[in-house]
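Structural features, examined
Here's the letter readout for the chains.
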Amino acid sequence: MTMKNTLTLRNLYLFLCIVLLLLIGYKEFHIYQKIESMAQAELLYAQKKMVQAEEWYQKARNNRSLLYKEELLASRLQELQPITSMKQSLSSLDHRLSRVGEAGDFSGFMNVYAELLDTEQKLAEQQGAYASYYDEIAAFYGIPGDVKRIFLQFIGLFNRQADELLEEQQYDDSSFKWNLLRIPDSFYGGEKQKNDKLLHLFQRYDEMVLTRLAGAGQYTDLLNGSHAMSSEYANRSLPAAWLNRKTDELVYTMLQKDVLRERPSDFVSHAMGYRDYLERNERKNAEIMEYIQNQMNRWIAAADGMVQSQNYEEAVALYEALSGYQDMSGKLQAAELAWTIHDPIRLFHMAGLKGSFSYVSGGGNRFGGLAYATGVDEGNIIYLAVLNADETVQLFQNHDYPSDIAIQQVSVEDSLSTAKNPVILVEGDADNELVWYSAYEARDANLTPLFQFTAEGYQVQPDKSLLVTNLEGASPDEIAIFERQGDQYGFTGYQVHYTDIDIANIEKYPNEKVRFSVHIPEGGYGEVVAGRNGYYIVLRGDLDFPAGSATLIGTFNGEYQQLEIPGSQSSTTTLDPVEPEANQVDGNIMDETDSPSEPATTEEINPDEVQQDNGEIGDSTGSRQITQVPVIQVESIE
């Protein structure tokens, strides 16, 4: 064996010896520890310090280096098993409390804390005499200190969270309040101290939230938030009088600002929201509600005054703004109706018509409606709009007005209109100092033409016929007559202008149209002799004159004609047997003292041979006389 090999084996033996010595030392150390553990445990057991004794017994049992008093050890551990069980439960809970507390999991922490309290109760019920060791075991693990420390950490966390929510304007999360309430009173110093601290915190936070919502104009959020807070406090039986007080204060301030800024719409919106808020919270505030109603009454009176001064647009706008809070339908309808009557073009807009209109007029309470309007659009379309009682608009129109005739006026022809069928009269420029008259009757949603003519003017007679002055195409002196024939008016003739006279006075009405009654002895065509009460005339005209009594219309133009008149009285009597007629205007029959004006003769007549009196007979012998008699141009025979 070489020297090298010898040294290597020696070193190995030496290393093994060292290891063996170390193992023997380790073994002896643990043997010593077990013996000491048993001795310490027995000492503590003798001193009734069972929790510490159980701990040392557990150390001795876990030391397997030596079998030393094993039966006694087992007996002691069996006896102290309730303490061992409590230690195991509390050790686990202490670990979990620390873990969720460090994670900031309040709900988890409260769940573990609830288990801790439940464990305490159960152990107190189950462990009998050993239950008294619970507090000692809990203190052994430091549980009370850990619980207090973590609860205080959460109290600080939730107070900071309240400030952060205000800073971030996140007002929907109120969980910090209810988390703080869940923390036991003892960690605040008692029930009173807890209530004082938390209610002060809650009031400060709530008032700040409500004030900021009001300042931002978030009125609905303000009321809803206040209601939600009140409900949450009520559910937890917490007094929160500051909510109602602060909400009322902010609402009243906002209402006053609405009044100062003359914003009735905002005022009504705020008033309605507050009224609803009071109902939801089942409370009242007579002072604010009275203020609201008084202000409403002032604005209603102002709107009434606007209507009286015909400032309808602003009145309607104010009524509409106020209508959200109380019923304004009656006043609003009356104002809109008055506005429509005052400004009838509104009816066209209500009917859906667009564009501009001219010659617009209207009125109220006619033609079966509340209001009406007439007018013409840019295309000369004529319109009549009637506002019905149900506020619908009935529209009548006509598209046939001549485009080449400029309109001068559009109006309602009152004399021809009826309650159901208004008549619209359009007057146009005829370019000849005359007027184009065009009337339209409202029927079946249309304006049906009633008459059209060009004239100087016209008059409606009691029988609804028309007397038209200076009708185009007729003599200026003639008055044309138009009468209704079915659905339209038509020309039926001219009005005769004459004076009723006694024929003996014919020479007093030269060149005037007169009506008179005479007796025609012999009928004929073109020209006949006639007379009355001994006064003779010649009738001339393109007419067939019948024999007998007749009433005629004609004109004496100053012309005379010689006429041989029978001399006998009987001839006179035969010539004129008629009596005066009741329809004569003059009505006077010449008596024997009346004498007509002297006719102008056309030739020399011997006074001895011819009597000057038209009605006298020269003698009674039956001789005839020649005299001058008036010639009347006859137009018609009645």
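Residues numbered from 1 in each chain as written. Predicted model: local features only at pLDDT ≥ 70, side-chain atom pairs only at ≥ 80, totals over all residues. Heavy atoms only, no water.

Thoughts on the overall build of the chain
For clarity, the threshold we go by: Here a helix means four or more residues in a row that DSSP labels H or I, a strand means two or more in a row labelled E, and each is numbered from the N terminus. A simple rule labels every residue: compare its accessible area, found with a 1.4 Å probe on the protein chains alone, to the largest value its type can have, and call it buried under 20%, exposed over 50%, or partly exposed in between. Contacts were defined at the residue level, with two residues in contact if any of their heavy atoms lie within 4.5 Å. Working definition of accessibility: Shrake-Rupley area with a 1.4 Å probe, residue cover restricted to the visible protein chains.
A tally of helices and strands in the chain yields 17 helices and 18 strands. Burial analysis of the chain (638 residues in total) assigns 43% to the buried set. Taking the contacts inside the chain whose residues are at least 6 apart along the sequence as the reference set, 55% of them involve residues at least 24 apart. In the form shown here, the chain has an accessible surface area of approximately 34,400 Å², with 49% of it arising from carbon and sulfur atoms.

Focus on the side chain of Asp146
Assignment of secondary structure puts Asp146 in helix 7 (residues 143-168). In this structure Asp146 comes out as buried when scored by relative accessible area, which is 17%. Asp146 has contacts with Asp94, Ser98 and Tyr141, leaving out every residue within four places of it along the chain.

Thoughts on the sheet that holds strand 12 (residues 488-495)
Under the convention used in this document: Here, strands pair whenever DSSP counts at least two bridges between them. Every axis corresponds to a line fitted to the C-alpha atoms, with the helix fit spanning only the stretch in contact, and the corresponding angles, defined between N-to-C directions, vary from 0 to 180 degrees.
Strand order in the open sheet made by the four strands is 9-10-11-12, with antiparallel pairing throughout. With one partner strand each, in any of the chains shown, strand 9 (457-460) and strand 12 form the two edges of the open sheet. With direction set aside, neighbouring strand axes in the sheet form an average angle of 30°. As judged from the seven bridges shared by strand 11 (residues 479-485) and strand 12, these two strands associate in the antiparallel manner. Directly across from Phe482, in strand 12, lies its bridge partner Phe491.

Structural notes on the packing of aromatic side chains
Put simply, the rule is: We call Phe, Tyr and Trp rings a pair once their centres come within 6.5 Å, taking the six-membered ring for Trp, and we label the pair stacked below 30 degrees between planes, edge-to-face above 60, and tilted otherwise. The rule is short: NZ of Lys or CZ of Arg within 6 Å of the ring centre and within 35 degrees of the ring normal puts a charge over the ring.
Evaluation of the coordinates by the stated rule reveals 31 aromatic pairs. Taking 5.9 Å as the distance between ring centres and 20° as the angle between the ring planes, the aromatic pair formed by Phe154 and Phe158 counts as stacked. One end of the pair is Phe154 and the other is Phe158, both in helix 7 and four residues apart, which spans about a single turn. For the pair Phe154 and Phe158, a shared accessibility class is recorded, and that class is buried. With a centroid separation of 5.1 Å and an interplanar angle of 70°, the aromatic rings of Phe367 and Tyr372 are classed as edge-to-face. Overall, the relative accessible area of 12% leaves Phe367 in the buried class. The exposure class assigned to Tyr372 is buried, which follows from its relative accessible area of 8%. Site record: aromatic cluster; members linked through ring pairs are Tyr437, Phe451, Phe453, Tyr458, Phe482, Tyr489, Phe491 and Tyr494. Across from the ring centre of Tyr325, 4.2 Å away, lies the NZ or CZ of Arg275, which sits over that ring. Across from the ring centre of Trp339, 3.8 Å away, lies the NZ or CZ of Arg346, which sits over that ring.

Comments concerning the nonpolar core
Spelled out, the test is: What makes a nonpolar core is a set of buried Ala, Val, Leu, Ile, Met, Phe, Trp, Tyr and Cys residues whose side-chain atoms join them at distances within 4.5 Å.
The biggest cluster of nonpolar side chains holds 83 residues, and the ones touching the most others in it are Leu116, Phe151, Leu180, Ile183, Tyr233 and Ile292. By residue number, the principal contributor to this core is helix 7, which donates 10 residues. Apart from the residues lying within four places of it in its own chain, the contact partners of Leu180 are Ile155, Phe158, Asn159, Tyr188, Lys194, Leu198, Leu201 and Phe202. Tyr509, Phe516, Val528 and Phe556 belong to the second-largest nonpolar core, a separate cluster that totals 21 residues.

Here we look at the side chain of Asn179
As for its placement among the helices and strands, Asn179 is situated in helix 8 (residues 175-182). Asn179 gets classed as buried once you look at its relative accessible area, which sits at 15%. Excluding its chain neighbours within four sequence positions, the residues that come into contact with Asn179 are Phe106 and Phe158.

Details of helix 7
Using the following cut-off: Here the expected length of a helix is defined as 1.5 Å per residue gap, with one fewer gap than residues.
End to end, helix 7 covers 37 Å across 26 residues, agreeing with the expected 38 Å (1.5 Å per residue, within 8%). Buried residues of helix 7: Ile143, Asp146, Val147, Ile150, Phe151, Phe154, Ile155, Phe158, Gln161, Ala162, Leu165 and Leu166, and no others. Gln169 sits one or two residues past helix 7 and shows a positive phi near 55°.

What to know about unusual backbone geometry
Phi at Glu282 takes a positive value of approximately 55°, unusual for a residue other than glycine. Here Glu282 is to be found in the loop between helix 12 (264-280) and helix 13 (286-308). Residue classification places Glu282 among the exposed positions, given a relative accessible area of 76%. With a phi close to 70°, Lys464 is a non-glycine residue in the positive phi region. Note that Lys464 resides in the loop between strand 9 and strand 10 (466-469).

Here's the deal with the packing of helix 4 (residues 81-102) against helix 7
Put simply, the test is: Oblique is the label for any angle not covered by the other classes, which are roughly parallel (under 35 degrees), roughly antiparallel (over 145) and roughly perpendicular (65 to 115). Handedness of a crossing is defined here by the sense of rotation of the near helix relative to the far one, left-handed for an anticlockwise turn of less than a right angle and right-handed for a clockwise turn. As a working rule, the residues Ala, Val, Leu, Ile, Met, Phe, Trp, Tyr, Cys and Pro are called nonpolar, Asp, Glu, Lys and Arg charged, and the rest polar, with Gly in that last group.
Running from N to C, helix 4 and helix 7 point in directions that differ by 20°, and their axes come no closer than 10 Å. With respect to helix 7, the axis of helix 4 lies roughly parallel. As for the relative orientation of helix 4 and helix 7, their crossing is left-handed in sense. Facing Leu90, Asp94, Leu97, Ser98 and Gly101 of helix 4, the residues of helix 7 in contact are Ile143, Asp146, Val147, Ile150, Gln153 and Phe154. Here the residues of the contact of helix 4 with helix 7 are counted per class, giving six nonpolar, three polar and two charged.

Structural notes on the pairing of strand 4 (residues 393-398)
Within a regular strand, side chains alternate between the sheet's two faces. Of the strand pairs in this sheet, strand 3 (residues 382-387) and strand 4 are connected by six bridges, and their pairing is antiparallel. Looking across to strand 4, one finds that Ile382 is bridged to Asn398. Between strand 3 and strand 4, which follow one another and run antiparallel, lie five residues, and Glu391 among them has a positive phi close to 70°.

Side note on the confidence of the model for the chain
Rules: Values of pLDDT, which run from 0 to 100, indicate the predictor's confidence residue by residue.
Summary statistics for the chain give a mean pLDDT of 84 and a share of 84% for residues scoring 70 or more. Counting contacts from residues 568-621, a segment whose pLDDT is below 50, to residues more than four positions away or on other chains yields 90 contacts.

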